[in-house]
Amino acid sequence: MRTMIGLAAALAASLALSSGALAQDKPKLAFVVNAASDFWKLAEAGVKKAQGELPNYELEFKYPAQGTAALQNALMDDLVAAGTDAIMISSADPKNSIDAFNRIAAQVPLFTTDSDATDSDRIAYLGSSNTLAGVQAGEEMVKAMNGQPGKCMGFVGFLGADNAIERIAGFKQAIEGKGIELVDVRGDDVDFTRARTNVDDVLVANPDVNCMVGFYSYNPPKIYEALQAAGKLGQITVVAFDEDPVTLGAVREGSFASTVVQQPFEWGYQGMKLMAAYLEGDKSGVPADELIIVPTKVINKDNVDAFEADLKAKING
């Protein structure tokens, strides 16, 4: 009897170790964002949906301690050291991260989203065409100004990031020859206090500015706060980016003309599925130009309610 009990115990221990090993052997996929922002909740929801369809993988959603390239790159090093098998990242500073990206890409498959790093060894970019999104925003500004001359001020997080450069270029392309000028773009390095101060300063120093565009998700809410405090809501035409609740509320009430939204939910969902397939040897999801474009949409008073209902459904799963 003791022999049987001993054998049973040994078998149970063996099964426990075996199941533990299997759990540890699950490939790990990581989605690394550029800064802590509510914008990324949708991408996180997309990763969560993908996890339900990828039970043999362990998916992680990672925020850096601060929105700096150094901390992002250190986070990727930590992930690789911990056994992560593939990474998708929205880089805070692609141009100054090429060496770090190439170091990571030499160890695990590396993909980009939101802001590309075309000069690196990343496998592919999955996200918006930031140039086309900028064009959409510019077209919305032209429509909202309705033939009136405009002096616009732009606000963004990282002036040097590809997504910012491309959105600004697209915006300028769309307003060219339409009597609208983008006077300047103020950067804030994802410092929310500075983002608000930038708008306050413009309202004082540039009274001739009659239109504004917020290029990052948190910029439009800071524009709204500043205009509200100055009693100028509705007096300055605003076109926004992304779907912060304050932004959608401003569109609904008519304080903002419209907002150009991306689909970060799809970045998270499709990104995880893409990396899993790639690890399994299926590289058909990577096109020849290495660009997987998820279209952007314009949200205005006509469709904001339906859009917000869809957002809530996705976040709540």
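This structure is a prediction, so every number in the text was calculated from the model and none was measured.

Draft legend 1. A look at empty space enclosed by the protein. Overall, the coordinates contain two cavities of 30 Å³ or more when judged by the stated rule. Space inside the largest cavity adds up to approximately 150 Å³. Lining the largest cavity we find 15 residues, and of these Asn34, Phe39, Trp40, Tyr216 and Ser217 sit closest to its centre. Roughly 90 Å³ of volume is contained in the second largest cavity. Contributing elements (two or more residues each) for the lining of the second largest cavity: helix H10 (264-279) and helix H11 (304-316). Broken down by element, the lining of the second largest cavity gets its largest block of residues, four residues, from H11.

Draft legend 2. Structural view of the sheet that holds strand E8 (residues 211-214). A sheet is described by the order of its strands in space; here six strands give the open sequence E7-E6-E8-E9-E10-E12, paired in mixed fashion. The open sheet is flanked by strand E7 (180-187) and strand E12 (297-299), the only strands paired with a single partner. On average, each strand axis in the sheet is tilted by 20° relative to the strand beside it, whichever way the strands run. Where strand E10 (residues 258-261) lies against E12, three bridges are found, and the strand directions are antiparallel. Of the residues in E12, the one forming a bridge with Thr259 is Ile299. Across the face of the sheet, helix H5 (residues 130-145) comes into contact with strand E6 (150-156), E7, E8, strand E9 (237-241), E10 and E12 while running at roughly 160° to E9. Strands in contact with helix H9 (residues 245-253) are E9, E10 and E12; relative to E10, the strand with the most contacts, it is inclined by about 140°.

The rules behind each value
Residues numbered from 1 in each chain as written. Predicted model: local features only at pLDDT ≥ 70, side-chain atom pairs only at ≥ 80, totals over all residues. Heavy atoms only, no water. 1 Å grid on protein atoms, 1.4 Å probe; cavity = no way out; pocket = protein on both sides within 12 Å on 5 of 7 lines; lining within 4 Å. Points joined across faces, edges and corners; volume = space filled by probe spheres on them. Helix = DSSP H or I, 4+ residues; strand = E, 2+ residues; numbered from the N terminus. Pairing = 2+ DSSP bridges. Axes fitted to C-alpha atoms, helices over the stretch in contact; angles between N-to-C directions. Contact = heavy atoms within 4.5 Å.

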